[in-house]
Structures are given as structure tokens and as C-alpha cells.
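Each chain, written out:
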Amino acid sequence: MPTEETLVLVKPDGVARGLTGAILARIEAKGYALVDIRLVEPDRERLEKHYAEHAGKPFYEPLLEFMQSGPSVAIRLAGNRVIEGFRSLAGTTDPTTAAPGTVRGDLGRDWGLAVQQNLVHGSDSPESAARELGIWFG
Ligand code: DAT
Ligand code: MG
């Protein structure tokens, strides 16, 4: 089976809090390969494509605003079962209940805002990964 790829984002809160290195260290320690990495300041159009599945939800507008509040680090990440594996490293969406040992569980903070600022994004399926890698790496 060919090595799988996923899109990882260190979101604006992760970059602003100086956690990019700490997050990359966990990814590298796990053994995943960095194929490409770049600092990106996405416009609304790119974010609308990336978060199309969430259009209309209560957190959608705050999410797009938050994602435009500063640069993100986009990573093309490769490895065996990396889609599932990175989601496991990241932890569940809500940082308050994300398991200790995960990025969100250890480092994520619940700011009590309309949107969870949970440090990272990881694609959730092979279809999402292919679509999202196209959006961020063209
Ligand atoms: P994930 O990032 O864990 O894949 P998701 O795709 O369901 O989660 O949602 C995308 C982002 O939107 C998520 O990282 C943070 C925000 N979000 C999701 N559900 C939320 C909620 N119920 N309240 C606030 N923000 C939410
Ligand atoms: Mg998601």
C-alpha cells in the first residue's frame, strides 16, 4: 500500500502562541515525514473551500474570522495511516475534554469563545486529504 498523505495545519493560535515547534516535534517523534511545509495567510475564498462542510453552522463565521487572524503553517505529511494517526495525536475537537497526551489535550485552551481555537487541523478521510491538499498546496 502506498504511503498515505494528509493535510495538517498549525492554526493561527498555535503559530501566535509559539507552539509550531512543539507540535512539529510531536509529529516528527511519531515518525511521520514532512513532504512540504509553508506559512500561509489564507483569504476567505480558500477558507470557504476548506470548511465547506461547516457552512451555515453557528461556529462557521467565527471560524473563518479566526482562521484569518494570522498565519497558519500548512504541512503535507506522509506516513502509514497518517490520516488516522495525526487525528489521534491531535485529540478530539474540544480542548477541555481532549485526552491528555494529545496536542489539544495538553496544549489547547478553552477561551470560552464562539469557536474552538484548538491549535491544529488534520484531514479526516482520504477524500478530505486529497481535496484539502489541493486547496493548500495546489
Ligand atoms: P476537527 O477540527 O476536530 O476536525 P470539525 O471539523 O468538526 O473538527 O470542526 C472544524 C473546526 O470548527 C474545529 O477545529 C473547531 C470549530 N468547531 C467545531 N465544532 C465546534 C463547536 N461545536 N463549537 C465551536 N467551535 C467548533
Ligand atoms: Mg474536521
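All values derive from a computational prediction rather than experimental measurement.

## Looking at the nonpolar core
So, step 1. Counting residues in each nonpolar core, the largest one holds 21 residues, and the members touching the most others are Val8, Leu77, Phe86, Val103 and Val120.
So, step 2. Only strand S1 (4–10), helix H2 (20–30), strand S3 (72–79), helix H5 (82–90), helix H6 (103–107) and helix H7 (126–137) provide two or more residues apiece to this core.
So, step 3. The biggest single contributor to this core is H5, with five residues.
So, step 4. Non-local contacts of Val103, meaning those with residues more than four positions away in its chain, are made with Ile23, Arg26, Leu89, Ala90, Gly91, Gly108, Leu119 and Val120.

## Let's talk about the UniProt feature "active site" (unreviewed entry) in the protein chain
So, step 1. UniProt tags His121 as "active site" (unreviewed entry).
So, step 2. Of note, His121 is situated in strand S4 (residues 120–122).
So, step 3. For His121, the residues in contact, after removing those within four places along its chain, are Val8, Leu9 and Lys11.

## Describing H7
So, step 1. With twelve residues, H7 extends 16 Å from end C-alpha to end C-alpha; this agrees with the ideal 16 Å at 1.5 Å per step.
So, step 2. Taken residue by residue, H7 has Ala129, Glu132 and Trp136 as its buried positions. One side of H7 holds all its buried residues, which, seen down the axis, span an arc of 80°. Across from the buried face of H7, at angles greater than 90 degrees, the exposed residues are Pro126, Glu127 and Gly134.
So, step 3. Directly beyond the C-terminal end of H7, a positive phi value near 55° is found at Gly138.

Cut-offs used in this document
- Residue numbers restart at each chain and count upward from 1, following the sequence in its written direction.
- Going through the entries in the order they are written, you letter the chains from A and number the ligands from 1.
- Only residues with pLDDT of 70 or above have their local features reported here, since the model is predicted, and side-chain atom pairs are shown and tallied only from 80 upward, although totals for entire chains, interfaces and linings are computed over all residues.
- The nonpolar core criterion groups buried Ala, Val, Leu, Ile, Met, Phe, Trp, Tyr and Cys residues into a set whenever they are joined through C-beta atoms within 7 Å.
- Counting other C-beta atoms within 10 Å of a residue's own tells you its class, since 20 or more makes it buried, 12 or fewer makes it exposed, and anything in between is partly exposed; those C-beta atoms are placed from the backbone.
- Helical segments are the DSSP runs of H or I of at least four residues, strand segments are the runs of E of at least two, and each set is numbered from the N terminus.
- Note that contacts rest on C-beta atoms placed from the backbone: two residues are in contact if these are within 7 Å.
- UniProt positions are given in the numbering used here, feature names are shortened, and annotations may be inferred rather than shown by experiment.
- One less than the number of residues in a helix, times 1.5 Å, gives the span that helix is expected to have.
- Regarding the arc, it is the one traced by the directions from the helix axis to the C-beta atoms.

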